[in-house]
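Reading the structure
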Amino acid sequence: MSSSARYDFDTVVDRRGTWCVQWDGVADRFGVDGLLPFTISDMDFETAPEVLSALRARLDHGVLGYTTWQQDDFRSAIAHWYETRYGTRIDTTQLVYGPSVLNQLSQLLQMWTAEGEGVVVHTPTYDGFRKAITGLGRELRGVPMGDMAALESALARPDSKILLVCSPHNPTGRVWTEAELAEMAELAARHGAAVISDEIHADFTHQGHHVPWTRVGGERRWAVITSGSKSFNFPALTGSYGLIGDPADRAEFQRRMETAEGLASPAVLSLTAHIAAYREGAAWLDQVRGYVVENLELVARRLGEELPELGWEPPQAGYLAWIDLRPAGVDDDEALQRVLIEREKVAVMPGTFYGADGFVRLNVGCPRSKAEAGVEALIRGVRAVTRDRA
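Report on the accompanying structure. (Residues numbered from 1 in each chain as written. Predicted model: local features only at pLDDT ≥ 70, side-chain atom pairs only at ≥ 80, totals over all residues. Heavy atoms only, no water.)

1. Focus: the overall build of the protein
Along the protein, the regular secondary structure elements total 15 helices and 11 strands. For 390 residues, the compact-globule estimate of 2.2 N^0.38 gives 21 Å, and the C-alpha radius of gyration of the protein, at 21 Å, lies within 12% of that figure. Considering only C-alpha atoms, the protein reaches an extent of 60 × 55 × 35 Å along its principal axes. Here the protein, with 390 residues, has 55% of them falling under the buried criterion. Within the protein, contacts between residues at least 6 apart in sequence are counted, and of these 76% link residues at least 24 apart. Taking the average location of the 39 positive side-chain charges in the protein and that of its 54 negative ones, the two points are 1 Å from each other. (Helix = DSSP H or I, 4+ residues; strand = E, 2+ residues; numbered from the N terminus. Rg over C-alpha atoms; globule rule 2.2 N^0.38 Å. Buried < 20%, exposed > 50% of the residue type's maximum accessible area, 1.4 Å probe, protein only. Contact = heavy atoms within 4.5 Å. Lys, Arg positive; Asp, Glu negative; His and termini not counted. Charge placed at Lys NZ, Arg CZ, Asp CG, Glu CD.)

Right, here's the structure in full:
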């Protein structure tokens, strides 16, 4: 499609029966089938038509043999995206590939830390980080977002080996400024910690500008881990890429992938999707991001009308509404979850998953009708909890 094409995000696509985690796996996390889900961070939209067209063409070729990511079509598409999207030129020799961002994180944790050593993260913290860090026997050391003194104190511990940055931040949607990132880089370098920057939400920045870690990393030890799967909604294809500054670290990462992990051949459809997205998908992404902004504004308007004490404002990035319900008197996640599940029949992620009681994370990467249903159910749920306590 041309850049002037209009894309349809209002039409509801029935995802039930497609093995998707958000819809078909809701009972695994919430104990009940049939809930309207606002949970895992994928969107309910079809991916860009340009991506689907490229995938169909690749399938029509008919041969799906072993392939390589180390070719110019893939590398140059990523470079093109960074230059046109972020105004940043990357060194394509720094690129690496992995089956997922969390798999890349796991490899880097094993490369740069030993069991029992510390990984510093901002709180609240994406639950995938918690699982990866603690599952490998490393110690998660949380520091409040924006508290640079607490960050330095945590990094100053001799066995704090990594600063793990989520940029933009999940679950809050915070977009870090270049000055903040530069200060983090300096603190990590001062205390001998490596930095891993997860930038998978970067393309969904609404306010401010995403600054790739490559702009502040310099000669220090760092890695960026990311993927186009979040932006263009194709996580089921698997596939991610990263950039690693140090050549020796990069070589070790690739050795682990190709030998220890046996992942020398990537998923060809993931490569195809990335290339099409980064070469032809900008217009679709701009429109879906604009649509999501309107969903977030809907949430803000309804919460402002019905629960003004929250003072909630849309996040700077992403399609995840991180909502502090404590000003409304909701500090018991279990009570709210019971109401949402049993009365409202919706599944909304509780803040406890991210180490923050009294919050919820509402996914509004969906048609407007679903977003409306979600915020209205949440409002009724909050009122029910506070009324029951009165």
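2. What to know about the sheet that holds strand S10 (residues 346-350)
Strand order in the open sheet formed by four strands is S1-S10-S11-S9, and the pairing between neighbours is mixed. Two strands bound the open sheet, and with one partner strand each, they are strand S1 (36-38) and strand S9 (320-324). Sheet twist, expressed as the mean angle between neighbouring strand axes with direction ignored, is 30 degrees. In the sheet, S9 pairs with strand S11 (residues 359-363) via five bridges, with the strands oriented antiparallel. Residue pairing across strands places aspartate 324 opposite phenylalanine 359, the latter belonging to S11. Strand contacts of helix H14 (residues 333-342): S10 and S11, with the helix running at about 160 degrees to S10, the strand carrying the most contacts. (Pairing = 2+ DSSP bridges. Axes fitted to C-alpha atoms, helices over the stretch in contact; angles between N-to-C directions.)

3. Things to note about the nonpolar core
Counting residues in each nonpolar core, the largest one holds 91 residues, and the members touching the most others are Trp213 and Ile323. Ranked by residue count, the leading element in this core is helix H13 (residues 282-306), at 11 residues. What tryptophan 213 contacts, discounting residues up to four positions off in sequence, is Val165, Leu181, Met184, Ala185, Val195, Ser197, Glu199, Trp222 and Val224. By size, the runner-up hydrophobic cluster in this structure holds 23 residues, among which are Leu105, Cys166, Ala223 and Met257. (Core = buried A, V, L, I, M, F, W, Y, C linked by side-chain atoms within 4.5 Å.)

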